[in-house]
Amino acid sequence: MQIQQHVPLAPLTTFKVGGPARYFVEARSEEDVRAAVAEAQTRGWPLFVLGGGSNLVISDAGWPGLVLKIALTGISERRDGPRMLFDGAAGEDWDGFVAHAVARDCAGIECLSGIPGTVGGTPVQNVGAYGQEVSETIVSVRVLDTASGEPRELENAGSGFAYRSSVFNTRERGRYIVLRVTFALVPGGAPRIEYADLKRYFAGRSHPPTLAETREAVRAIRLSKAMLIVPGDDDCRSAGSFFKNPVLTCEEFERLQARAAAIPSFPVPDGMVKVAAAWLVEQAGFTKGFTHGPVGISRRHALAMVNRGGATAANIVSLKDEIQKRVLDQFGIELRPEPVFVGFDQL
Ligand SMILES: Cc1cc2nc3c(=O)[nH]c(=O)nc-3n(C[C@H](O)[C@H](O)[C@H](O)COP(=O)(O)OP(=O)(O)OC[C@H]3O[C@@H](n4cnc5c(N)ncnc54)[C@H](O)[C@@H]3O)c2cc1C
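Now for a look at the structure at hand. As the structure is a prediction and not an experimental result, all values here were calculated from the model.

Calculation criteria
- Residues numbered from 1 in each chain as written.
- Predicted model: local features only at pLDDT ≥ 70, side-chain atom pairs only at ≥ 80, totals over all residues.
- Heavy atoms only, no water.
- Pairing = 2+ DSSP bridges.
- Helix = DSSP H or I, 4+ residues; strand = E, 2+ residues; numbered from the N terminus.
- Phe/Tyr/Trp six-rings, centres within 6.5 Å; stacked < 30°, edge-to-face > 60°.
- Buried < 20%, exposed > 50% of the residue type's maximum accessible area, 1.4 Å probe, protein only.
- Near = heavy atom within 4 Å.
- Polar contact = N/O pair within 3.5 Å; in protein donor to acceptor, adjacent residues only side chain to side chain.
- Areas by Shrake-Rupley, 256 points an atom, 1.4 Å probe, with all protein chains shown as cover.
- Axes fitted to C-alpha atoms, helices over the stretch in contact; angles between N-to-C directions.
- Parallel < 35°, antiparallel > 145°, perpendicular 65-115°, else oblique.
- Left-handed = near helix turned anticlockwise from the far one by under 90°.
- Contact = heavy atoms within 4.5 Å.
- Nonpolar A, V, L, I, M, F, W, Y, C, P; charged D, E, K, R; others polar.

1. Looking at the sheet that holds strand E15 (residues 265–268)
Then comes step 1: One open sheet accounts for three strands, arranged E14-E16-E15; its pairing is antiparallel. Strand pairing shows two members of the sheet lacking a second neighbour, strand E14 (247–248) and E15, which therefore form its edges.
Then comes step 2: Where E15 lies against strand E16 (residues 272–275), four bridges are found, and the strand directions are antiparallel. For Ser265, the partnering residue across the bridge sits in E16 and is Val275.

2. Examining the packing of aromatic side chains
Then comes step 1: Under the criterion given, the structure shown has 15 aromatic pairs.
Then comes step 2: The interplanar angle of 55 degrees and the centroid separation of 5.8 Å between the aromatic rings of Phe48 and Trp63 together place this pair among those described as tilted. Of the two residues, Phe48 sits in strand E3 (residues 47–50) while Trp63 sits in strand E5 (residues 63–70), which places them 15 residues apart along the sequence.
Then comes step 3: Of the residues examined, Phe48 reaches a relative accessible area of 14% and is grouped as buried.
Then comes step 4: Arranged with centres 5.1 Å apart and planes meeting at 70 degrees, the rings of Tyr130 and Tyr195 form a pair that is edge-to-face. Placement of Tyr130 in the loop between strand E9 (128–129) and strand E10 (132–133) and of Tyr195 in the loop between strand E13 (176–187) and helix H3 (196–202) is noted, with a sequence separation of 65 residues between them.
Then comes step 5: A relative accessible area of 39% means that Tyr195 is categorised as partly exposed.
Then comes step 6: Here a set of aromatic residues connected by ring pairs shows up, and it is made of Phe15, Phe242, Phe243, Phe341 and Phe344.

3. Describing the site of the ligand
Then comes step 1: Near the ligand there are 36 residues, and of these Val49, Gly52, Ser54, Thr118 and Arg222 occur at the shortest range.
Then comes step 2: Take Gly51: an N or O atom from its main chain is 2.8 Å from an oxygen atom of the ligand.
Then comes step 3: A distance of 2.8 Å is found between an oxygen atom of the ligand and a backbone nitrogen or oxygen belonging to Gly53.
Then comes step 4: When the ligand is considered free in solution it has 970 Å² of accessible area, and contact with the protein chains removes 94% of it.
Then comes step 5: At the level of secondary structure, the elements contributing two or more residues to the shell around the ligand comprise E3, E9 and E13.

4. Examining the packing of helix H2 (residues 94–103) against helix H4 (residues 211–224)
Then comes step 1: Taken N-terminus to C-terminus, the directions of H2 and H4 make an angle of 155 degrees; their axes are 9 Å apart at the nearest point. With respect to H4, the element H2 is oriented roughly antiparallel. At the point where H2 passes H4, the crossing takes the left-handed sense. Contact with H2, carried on its side by Asp95, Val98, Ala99 and Val102, involves Leu211, Ala212, Arg215 and Arg219 of H4 and no other residues of that element.
Then comes step 2: Each residue belonging to the contact of H2 with H4 can be placed in one class, and the counts come to five nonpolar, no polar and three charged.

Shape descriptors only; they carry no functional weight alone.
See the structure below:
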């Protein structure tokens, strides 16, 4: 394990912005992770754990401490009664992991095809798309607990999964380093075709789609929205959806409807209502293709802020602030960013 210095971080992210890591190390084994954490603690370096860099805005100043890039690899599987358990090491490419499960004809994560990043990144914000979330199939998450320096196995119920959140990005933020994630999938199971885009894609078919066809459909739909990373496609030089869909109480929703009767909404548990952040952003004047210098909104997705080339993190933050302000003024809704801001003092 070799600690490097002044390593540019922008190329390690999908947004391609941000400064360098003061110190940088790549961990290929659990032992490497443990050693890197001990080193950072001994030297008093702030630690940042980097996966695939697909949900990050890194500040122009970069990271003042140690960036620990998770590069643990390996996938294994075993039978568990009617289920098949798949263990994915945290540094495995997520889409490769999905492809593996689909090739083994196991259902449960097919709708999550094409999401960039690592296996270890998925529990952090409880990744979800097209009608599935990883929390539905995660059995347990093996972590290194930086408080004790020891590995631990967190069960699904102890991981605090909710919409785009978990213990990893809320109350225990920074404490656990994900080493491995175990998923329970269903051999020979049917794909989940519940999301409107997917239903439309398969409309008129005489036979139900296979898992492999569902995976390809999801990737095709994602491509049409620049939600699939394609080198050279500047509409996907982003961090995916930039704002979370606001989840409102009934009273808040009624207040919003008085100003925005046409807003798309979906009921969620506990009597709450989820509303479309993309609609709010567009109605506030930031339509697809909006450009402001080197940053803008994707031409194919209203919720994706993009780096059109040469953007700085400051450019991104400034557009973020402008969008949040206009949505707040116009609709009284505070939009919350989905990506993680790294190396910013005040965010
Ligand atoms: C084009 C595009 C489309 C996207 N589509 C979706 C989508 O449909 N649904 C969705 O939910 N997300 C989506 N995302 C966001 C992103 O891909 C996911 O959040 C992804 O899981 C992030 O994983 P990562 O490995 O890239 O994490 P990173 O971006 O490297 O890190 C994100 C956070 O997770 C932490 N982290 C990463 N790995 C570990 C680990 N091993 N242990 C502890 N903490 C860790 C980091 O410290 C950081 O706080 C999209 C992004 C892009 C660019």
